[in-house]
Amino acid sequence: MKRILAFLLVPPACFAQADAWGVKPFPAVREYDGAHLYRLALPMGGIGTGSVSLGGRGELRDWELQNVPGKFTTPGGDRESPFFAIRAKGSKTYSSILEGRLYDWEILHWGGSPAVHHGFPRFAEASFSGSFPAGTAHLRDRDFPFEVDVTGFNPFVPGDAEGSGLPVATLTYSVKNTGDGPLEVTIAGLMRNFTGHEPSSANRNEYRDAGAYRGVFFASGDAGSPRADWGTMALVTEESEGISFRTASTTHSTTDNWWNAILDWWDDFTDDGAFEERSTPDAEPIGTLAVKKTLAPGETREFTFHIVWNFPNRYGWSQTVVGNWYSRLYVDAWDAAAKILPQLPELERKSRLFTETVAGSDLPDAIKEAALFNLSVLKSQTVFRMADGHLMGWEGCADTWGTCEGNCTHVWNYEQAVAFLFPDLARTMRDVEFNYATRDGDGFMSFRVGLPLAERGTQGIPFPAADGQMGCVMKVYRDWQLSGDGEWLAKMWPRVKLVLSYAWRPGSWDEDADGVMEGEQHNTMDVNYYGPNSQMQFWYMGALRAAEEMAKATGDVEFGEKCRTIREKAREFTDGTLFNGEYYEQAIYSPATRRPLAEGEDVPDFQLGKACLVDQLVGQQFANLVGLGWLCSEKNVRKASESVMKYNWRDGFAHHFNNMRTFAANDERALLMASFPRGRPKVPFPYFSEVMTGFEYVAAVEMILEGDGSDGLKVIEAIRERHDGAKRNPYSEPEWGHNYARSMASWGALNAWSGFWYSAVGREMRFGVREGRFPWFVGGAWGTVEISGGVPKIGMVAGSVDVDKIESREL
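As a convention, each chain's residues are numbered from 1 in the sequence order in which they are written. For this predicted model, a pLDDT threshold of at least 70 governs which residues receive local features, and a threshold of 80 or more governs which side-chain atom pairs are given and counted, while totals over whole chains, interfaces and linings are taken from all residues. No hydrogens and no water enter the side-chain calculation; it runs on all heavy atoms of the structure.

Chemist: Looking at this model, I keep getting lost on the sheet that holds strand 6 (residues 83–89). Mind explaining?
Modeler: Backbone hydrogen bonds are what pair the strands of a sheet, in a parallel or an antiparallel way. Any two strands are treated as partners once DSSP identifies two or more bridges connecting them. Each helix corresponds to a stretch of at least 4 residues labelled H or I by DSSP, and each strand to a stretch of at least 2 residues labelled E; elements are numbered beginning at the N terminus. Strand order in the open sheet formed by five strands is 7-6-12-17-16, and the pairing between neighbours is antiparallel. A strand with exactly one partner marks an edge of an open sheet, and here the two such strands are strand 7 (93–97) and strand 16 (243–246). Averaged over all adjacent pairs, the angle separating strand axes in this sheet is 15°, with direction ignored. Sheet topology note: the strand 16/strand 17 (residues 286–295) ladder contains four bridges and is antiparallel. The residue bridging Arg-246 from the neighbouring strand is Thr-288, located in strand 17. Interaxial angles span 0 to 180 degrees and are taken between N-to-C directions of axes, which are lines fitted to C-alpha atoms, for helices over the stretch in contact.

In C-alpha cells, the structure reads:
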C-alpha cells in the first residue's frame with residue numbers, strides 16, 4: 001500500500017499586530033462589469049450559519065443572518081441599511097460610499113429613486129473578480145486620487161466542516177494612493193442594530209475593546225427571546241490605531257423624521273474622518289466603526305473589518321427550536337469574534353489553496369465556475385446544521401422563506417458536492433434518511449422528514465418517492481466507497497436492506513420483484529408515474545447494483561444474489577421494452593391494474609409517455625460517477641444521451657411556448673426538460689416545457705463521461721452564460737427557489753471531466769484519458785492529477801490518501 005501525503009505548512013497566525021491581517025484577492029474565475037454586476041451577490045457566511053452577500057458594485061446585500069432567507073433585504077431601509085464609506089483628505093477632501101454607480105433602471109419611482117443608499121456619492125466605475133469563497137469588487141473614479149478593492153471572504157476548506165462553518169463575513173478594503181501627495185484615509189462601516197424584531201427601541205449597542213480586537217457589539221433588549229431573529233452581532237477590527245466609533249445616531253423620532261440621523265452621520269464623517277459619540281435617550285441603535293490611516297503616494301494600505309453574529313433560535317420547518325450547531329460554540333457574537341478571528345489567517349490560506357487547485361487547473365472555465373460558484377448553496381439559508389450536528393436542507397429559498405422542506409430526497413439525490421468535500425456532513429444526511437425518515441416495520445422512507453427528528457422523524461410526507469428512496473441507497477454506497485469505513489457500512493446495512501426491500505412489498509413499486517416498476521411512483525416531477533419509465537428504472541437498477549456490492553462486503557450473499565437477479569431482469573426489460581431505438585421512454589400503465597393500458601382506456605394525466613426526458617439517465621450518470629458501470633446496454637445509453645442533445649437542445653427561446661415557469665428566455669440557450677419527437681400526451685408531466693439547471697447538469701455530466709465532452713461542455717457553458725450577473729446571480733441557480741440544492745449536481749462535472757473516482761475500499765484511484773492537469777477531492781485530502789500519454793501523475797495539496805492502484809482508462 002502506498003500512502004500519498006501532503007501537509008499545509010502555515011506560519012503561526014499573529015493575532016495582535018500593528019498592520020492587521022487582511023484578505024488578498026483570490027484567483028478570479030470570471031470577471032464582471034457594467035450591467036453584469038446588477039444581480040451578482042457573493043454570500044459570505046459559513047455552512048449552516050446564514051450569510052450576508054457582497055454585491056457586484058461593492059454593496060452589502062441579502063442579509064440572511066437570522067435563520068431565514070433575506071434576498072434583497074435592506075435592514076434599516078434605503079438610507080440606514082449597512083454600508084461602508086471612504087473619506088480621503090489630501091489637497092482636497094473626497095468622500096463616497098464604497099459602491100459603484102446606480103443603474104438607469106434604479107432611478108424611476110413615484111417618490112424618487114427606490115435604490116438603497118440612492119443619495120450618496122459613488123464611484124464612477126465598478127467591476128468584480130468572481131471567485132469562491134472570496135470575491136473582489138474594484139472601485140475606480142478618475143476624479144479620485146485613490147483606488148479601492150474590496151474583498152469579501154468566509155472560509156471554505158474541504159474536510160473541515162468546523163472551519164467552514166463560522167458565522168463571520170470578512171471585508172478587506174485595499175486602498176491605493178494614486179496621487180502625488182499623502183492621503184489621510186478613513187474607512188467607516190455603519191450598521192443598524194437589527195438583532196430583534198424591528199423597530200425595537202430596546203436594542204442597544206456597546207463599544208468594546210478586547211485588546212486584540214475592538215468594535216461595536218449589537219444586542220437585543222429582549223433577553224432570552226425565542227424569536228428566530230433574536231441574537232447578537234458585532235462589527236470589529238483588529239486595527240489598534242486611528243479608531244473612532246459611534247454606538248448610536250442622533251434622534252430619529254416622529255417629531256424629527258426627515259432622515260436627519262444620516263445627515264448628521266455624513267456631516268460628522270466628512271468633517272474630519274473621526275466620529276463623535278451620540279447618546280440620547282431616544283437615539284437610534286445605529287453603530288459605526290471607523291479606521292483612519294495615512295497613505296504615502298503610491299502606497300497601498302488595507303482596512304479589514306469583520307461582521308460576526310450569533311442567532312441561536314433556528315426553527316427550520318419545525319414549530320419548536322432545533323437550534324444551530326455553530327451557536328453552541330459561542331456565548332454571543334463578541335465571544336464568537338474572540339474565538340474565530342485567530343483562526344482566519346490559516347483558514348484563509350487553506351481556502352486559497354482550495355480555490356487555486358480548481359482555478360489553476362486545465363478544467364474548462366465554465367466547469368470551474370459551475371462547480372465552485374454553486375457551492376454557495378452551502379452558505380445560503382437553503383442549508384442549516386441543527387444543534388445536534390445534522391445537516392439539513394430546504395430545496396431552495398424564496399426571498400424570505402424556505403421552499404419545500406425536509407431534506408427532500410428526490411432533490412438532494414442530484415447533488416454531488418457534499419460527499420466529496422465534507423463526508424462527515426454527508427453521513428449526517430444519511431443518518432436522517434435511514435434512521436429518522438424510515439419506518440422500522442416496512443422500509444417506507446418519507447422523502448421529506450419532519451422536525452424535530454426525535455419527535456417527528458417518520459411523520460413527514462405520508463408517501464414515499466421511488467427516485468428519492470432508490471437514490472439514497474446509491475448514496476450510501478458512494479459514501480462508503482469514499483470513506484472505506486466498513487464499520488459504518490455494517491451499521492447502515494440493515495437499514496439499507498429494509499429501504500430497498502420496500503420496493504418488493506405488496507402494493508409497492510415492484511411487488512413481484514421482476515425488475516419492473518409497475519406501481520405508482522411519486523417522483524421529483526411532483527406527480528405520480530404509472531408504469532415503468534427510464535427515470536425510475538435507472539435509479540432502481542443503480543440501487544440494486546450498489547446493494548450487490550454492499551451485500552458482498554457485509555457477507556450477505558443471499559441478498560446480494562437477489563439484487564443481481566432482479567437487476568438483470570430490470571436491464572433486460574429496460575433495454576427491450578423502454579428503449580425505442582433513440583432513447584428510453586415510458587410504458588404507461590393503468591393505475592387500477594398496474595398493467596399496460598387496455599384499448600380505449602384513458603391515459604392518466606401528468607405522464608412522460610414517449611418523452612425524451614432530459615435526465616432519463618440520471619441513475620446511470622450516478623453509477624458512472626461512482627464506478628458501478630453500465631446499468632443497461634452501453635450502446636443504447638450512449639444513443640439516448642445523444643438523443644437528449646439532439647431533441648432537447650434549444651439555441652433560443654423567443655419562439656418557445658411554456659405554460660409553466662421560465663428559467664430561459666429570448667436568445668438564451670438551454671436543454672429542455674423534455675421533448676416529444678414521437679408525440680406528446682395531452683396532459684404531460686408539469687415541467688415538460690421548462691428549463692432547470694440541476695437536470696441539465698445531469699445530462700451534461702453523462703455526455704462528458706461518454707464522449708469527447710463537447711456537447712456536455714456546450715450545455716454547461718450555456719447555463720453559466722444565463723447566470724451572467726445581469727439577468728441572474730452567478731452564485732445562485734434557481735429552480736424552486738434561489739440557491740437550489742440540485743444545482744450542486746455541477747460538482748459532478750468537475751469529476752467527470754478528469755474521469756475521477758476514488759475507492760478507499762479498493763484503495764484505487766481512477767481517471768479518464770483526457771490530457772491535462774485536473775483537481776480531485778476526497779474530503780480533507782485533495783490534489784491534482786497530470787494526465788499525459790494515458791499516464792496519471794498525482795500531486796498532493798492537502799491531507800493523505802491510501803492507494804494501491806492509480807490508473808487512467810476509458811469509461
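Chemist: What am I meant to see in the sheet that holds strand 9 (residues 134–140) here?
Modeler: A sheet is described by the order of its strands in space; here nine strands give the open sequence 2-8-9-10-11-18-15-14-13, paired in antiparallel fashion. The strands lining the two open edges of the sheet, one partner per strand, are strand 2 (30–33) and strand 13 (204–209). Each strand axis lies, on average, 20° off the axis of its neighbour in the sheet, ignoring direction. Strand contacts of helix 4 (residues 344–359): strand 10 (146–153), strand 11 (168–177) and strand 18 (300–310), with the helix running at about 90° to strand 10, the strand carrying the most contacts. By the convention used here, residues are in contact when the closest approach between their heavy atoms is within 4.5 Å.

Chemist: Just checking my understanding: could you explain the packing of helix 10 (residues 466–483) against helix 14 (residues 618–625) for this structure?
Modeler: Two quantities define a packed helix pair, namely the angle between the axes and the distance from one axis to the other. Close contact between helix 10 and helix 14 brings their axes to 11 Å; oriented N to C, the two are set at 10°. One way to sum up the angle between helix 10 and helix 14 is to call them roughly parallel. Within the contact between the two elements, helix 10 uses Met-474, Lys-475 and Arg-478 and helix 14 uses Gly-619, Phe-622 and Ala-623. Residues are sorted three ways: Asp, Glu, Lys and Arg are charged, Ala, Val, Leu, Ile, Met, Phe, Trp, Tyr, Cys and Pro are nonpolar, and all the rest, Gly among them, are polar. Partitioning the contact of helix 10 with helix 14 into residue classes produces three nonpolar, one polar and two charged. Angles are sorted into four bins: roughly parallel if under 35 degrees, roughly antiparallel if over 145, roughly perpendicular if 65 to 115, and oblique for all others.

Chemist: Sorry, what's going on with the side chain of Thr-428 here?
Modeler: With respect to the secondary-structure elements, Thr-428 resides in helix 8 (residues 423–435). Using a relative accessible area of 14% as the deciding quantity, one classes Thr-428 as buried. Any pair of N or O atoms that falls within 3.5 Å is considered a polar contact. Within protein, one atom must be able to donate a hydrogen and the other to accept it, and sequence-neighbouring residues count only if both atoms are side-chain atoms. At a separation of 3.0 Å, a polar atom in the side chain of Thr-428 contacts the main-chain amide nitrogen of Leu-391. Per-residue accessibility, obtained with a 1.4 Å probe over protein chains only, is compared with the maximum for each type, and a residue is labelled buried under 20%, exposed over 50%, and partly exposed between these values.

Chemist: Where do I start with the pattern of salt bridges in this structure?
Modeler: Should the charged atoms of two oppositely charged side chains come close, the side chains can pair. Whenever a carboxyl oxygen of Asp or Glu lies within 4 Å of a side-chain nitrogen of Lys or Arg, that contact is scored as a salt bridge. On inspection of all chains with the given rule, the structure shows 56 salt bridges. A salt bridge links Glu-549 to Lys-552, with the shortest nitrogen-to-oxygen separation between them at 3.5 Å. Taken together, the residues span about one helical turn, with Glu-549 and Lys-552 both in helix 12 (residues 534–554) at a distance of three residues. By relative accessible area, Lys-552 is classed as exposed at 61%. We note a salt bridge from Arg-809 to Glu-807, for which the minimum N-O separation is 2.8 Å.

Chemist: Explain the packing of aromatic side chains here, please?
Modeler: Here a ring pair, both rings aromatic, is described through the centre-centre distance and the interplanar angle of the planes. Aromatic contacts are taken between Phe, Tyr and Trp rings whose centres are within 6.5 Å, Trp giving its six-membered ring; a plane angle under 30 degrees counts as stacked, one over 60 as edge-to-face, and the others as tilted. Applying the stated criterion to the full structure yields 49 aromatic pairs. Ring geometry for Tyr-414 against Phe-695: centres 5.3 Å apart, planes inclined by 65°, an arrangement best described as edge-to-face. With a gap of 281 residues between them, Tyr-414 in the loop between helix 6 (409–412) and helix 7 (417–421) and Phe-695 in helix 16 (residues 693–706) connect regions that are remote in the sequence. The exposure classification of Tyr-414 matches that of Phe-695, with both residues buried. Centre to centre, the rings of Phe-420 and Trp-757 are 6.3 Å apart; their planes meet at 75°, and the pair counts as edge-to-face. In this pair, Phe-420 sits in helix 7 while Trp-757 sits in strand 29 (residues 757–759), placing the two residues 337 residues apart along the sequence. Assigned by exposure class, Phe-420 and Trp-757 land together as buried. Among the aromatic residues, those joined into a ring-pair cluster are Phe-132, Phe-156, Phe-354, Phe-422, Trp-747, Phe-777 and Trp-782. The rule is short: NZ of Lys or CZ of Arg within 6 Å of the ring centre and within 35 degrees of the ring normal puts a charge over the ring. Lying over the aromatic face of Phe-217, Arg-208 brings its terminal NZ or CZ to 4.0 Å of the ring centre. It is Arg-385 that lies over the ring of Trp-325; its NZ or CZ is 4.3 Å from the centre.

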